[in-house]
Amino acid sequence: MQPVTDDIHYTEGFADPSPWPDLEICAPNSRWASLLAEDYAGAAGELTASLQYIYHHAAAKDCPDISRALEKISIIEMMHMEKLAGAIRALGGDPTYCAGGRPWCAAEVQYGGSLGEYLHADLVGEYAAIRNYRRHIAQIGDESVCRLLARIVKDEEVHLRVFRQLIEKYGL
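Computed from a prediction, not measured in an experiment: that's the story for all the values here.

Comments concerning the overall build of the chain
- Within the chain one finds six helices and two strands.
- Mapped from its N terminus to its C terminus, the chain presents α and β elements in the order α-α-α-α-β-β-α-α.
- Scaling as 2.2 N^0.38, a compact globule of 172 residues should have a C-alpha radius of gyration of about 16 Å, and the chain matches this with 16 Å.
- Dimensions of the chain along its principal axes, counting C-alpha atoms only, are 50 × 35 × 30 Å.
- Counting every atom, the chain has about 8,700 Å² of accessible surface; 55% of that belongs to carbon and sulfur.

As structure tokens, then:
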């Protein structure tokens, strides 16, 4: 039985349809692994996004359209975590929930507020993640890692579109 995340129909419309690049790291590099740790477990990283979207999904149960979108996007963010963890390991790092020597903290998640505030916070988080990925692409000299990050950015751009559409649709 395949995991639900491998079912294209489950995430269709919430992830970019392009294939994932193969990860072929040339050599370990602790500096690059540290940069990926920010994307993995930093304040604007995938761990924060995954948990924030799961929380917002639960809080949005009165609006099934928004709740469903948040659930699906949270699953895609967890897929990003899996891909980043593999790259961190291949670069010689350990994918702990720590970035820059600082452990991840639940205070990074946007709690409380209205559905509109949640979606706007989610939008801001996606913009921050994209900025970080693009900055890291410019700093990392391994083409394989850069292709992985560029592919993740494609998903994040889909998430931006989904959040903007939901905000407009519901007048939030």
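Topic: helix H3 (residues 46–59)
- Here H3 contains 14 residues, and its C-alpha end-to-end distance of 20 Å stays within 8% of the 20 Å for a straight helix at 1.5 Å per residue.
- Along H3, the residues classified as buried are Glu46, Leu47, Thr48, Ala49, Ser50, Gln52, Tyr53, His56 and His57.

Points about the pattern of salt bridges
- All told, the structure shown has six salt bridges when counted by the stated rule.
- Of the charged contacts, one joins Lys169 and Asp65 as a salt bridge, the two residues approaching to 2.8 Å between their closest N and O atoms. With Lys169 in helix H6 (residues 143–169) and Asp65 in helix H4 (residues 64–90), this pair connects stretches of sequence that are 104 residues apart.
- We note a salt bridge from Glu157 to Arg134, for which the minimum N-O separation is 2.6 Å.

Digging into the environment of Leu84
- Secondary-structure assignment places Leu84 in helix H4.
- Those residues in contact with Leu84, other than ones at most four positions away along the chain, are Leu36, Asp39, Tyr40, Glu46, Tyr133, Leu149 and Ile152.

Digging into the nonpolar core
- Counting 45 residues, the largest nonpolar core has Leu36 and Ile140 as its most contacted members.
- The dominant element in this core, judged by the number of residues it contributes, is H6, at 12 residues.
- Those residues within four positions of Ile140 in sequence are excluded, and the remaining contacts are Trp32, Leu35, Leu36, Val145, Cys146 and Leu149.

So, the side chain of His136
- With respect to the helices, strands and loops of the structure, His136 is situated in helix H5 (residues 115–139).
- Take His136: its relative accessible area is 0%, and that puts it in the buried class.
- Here Asp39 takes part through its side chain, which lies 2.9 Å from a polar atom of the side chain of His136.
- Residues contacting His136, with those up to four places away along its chain left out, are Leu35, Glu38, Asp39 and Leu149.

Focus on the packing of H4 against H6
- Between H4 and H6, whose axes approach to 11 Å, the crossing angle comes to 165°. Judged by the angle between their axes, H4 and H6 are roughly antiparallel. Considering only the axes of H4 and H6, their crossing is left-handed. Of the residues in H6, those in contact with Asp65, Ile66, Ala69, Leu70, Ile73, Ile76, Glu77, His80, Lys83, Leu84 and Ala87 of H4 are Leu148, Leu149, Ile152, Asp155, Glu156, His159, Val162, Phe163, Leu166 and Lys169.
- Broken down by class, the residue content of the contact of H4 with H6 amounts to 13 nonpolar, two polar and six charged.

As for helix H2 (residues 30–41)
- For H2, with 12 residues, the first-to-last C-alpha span of 16 Å sits near the 16 Å given by 1.5 Å per residue.
- Within H2, burial applies to Trp32, Ala33, Leu35, Leu36, Ala37, Asp39, Tyr40 and Ala41.
- Buried residues along H2 sit in contact with H3, H4, strand E1 (98–99), H5 and H6.
- Capping of H2 at its N-terminal end is provided by Asn29; its side-chain oxygen lies 3.1 Å from the backbone amide nitrogen of Arg31.

Some words on the packing of aromatic side chains
- All told, the structure shown has four aromatic pairs when counted by the stated rule.
- Plain terms: the ring middles of Tyr40 and Tyr97 are 6.0 Å apart, the flat faces sit at 20° to each other, and that makes the pair stacked. One end of the pair, Tyr40, is in helix H2; the other, Tyr97, is in the loop between H4 and E1, and 57 residues separate them in sequence.
- When its relative accessible area of 7% is taken as the criterion, Tyr40 is described as buried.

Reading the values: the criteria
Residues numbered from 1 in each chain as written. Predicted model: local features only at pLDDT ≥ 70, side-chain atom pairs only at ≥ 80, totals over all residues. Heavy atoms only, no water. Helix = DSSP H or I, 4+ residues; strand = E, 2+ residues; numbered from the N terminus. Rg over C-alpha atoms; globule rule 2.2 N^0.38 Å. Areas by Shrake-Rupley, 256 points an atom, 1.4 Å probe, with all protein chains shown as cover. Expected span 1.5 Å × (residues − 1). Buried < 20%, exposed > 50% of the residue type's maximum accessible area, 1.4 Å probe, protein only. Salt bridge = Lys/Arg side-chain N within 4 Å of Asp/Glu carboxyl O. Contact = heavy atoms within 4.5 Å. Core = buried A, V, L, I, M, F, W, Y, C linked by side-chain atoms within 4.5 Å. Polar contact = N/O pair within 3.5 Å; in protein donor to acceptor, adjacent residues only side chain to side chain. Axes fitted to C-alpha atoms, helices over the stretch in contact; angles between N-to-C directions. Parallel < 35°, antiparallel > 145°, perpendicular 65-115°, else oblique. Left-handed = near helix turned anticlockwise from the far one by under 90°. Nonpolar A, V, L, I, M, F, W, Y, C, P; charged D, E, K, R; others polar. Phe/Tyr/Trp six-rings, centres within 6.5 Å; stacked < 30°, edge-to-face > 60°.

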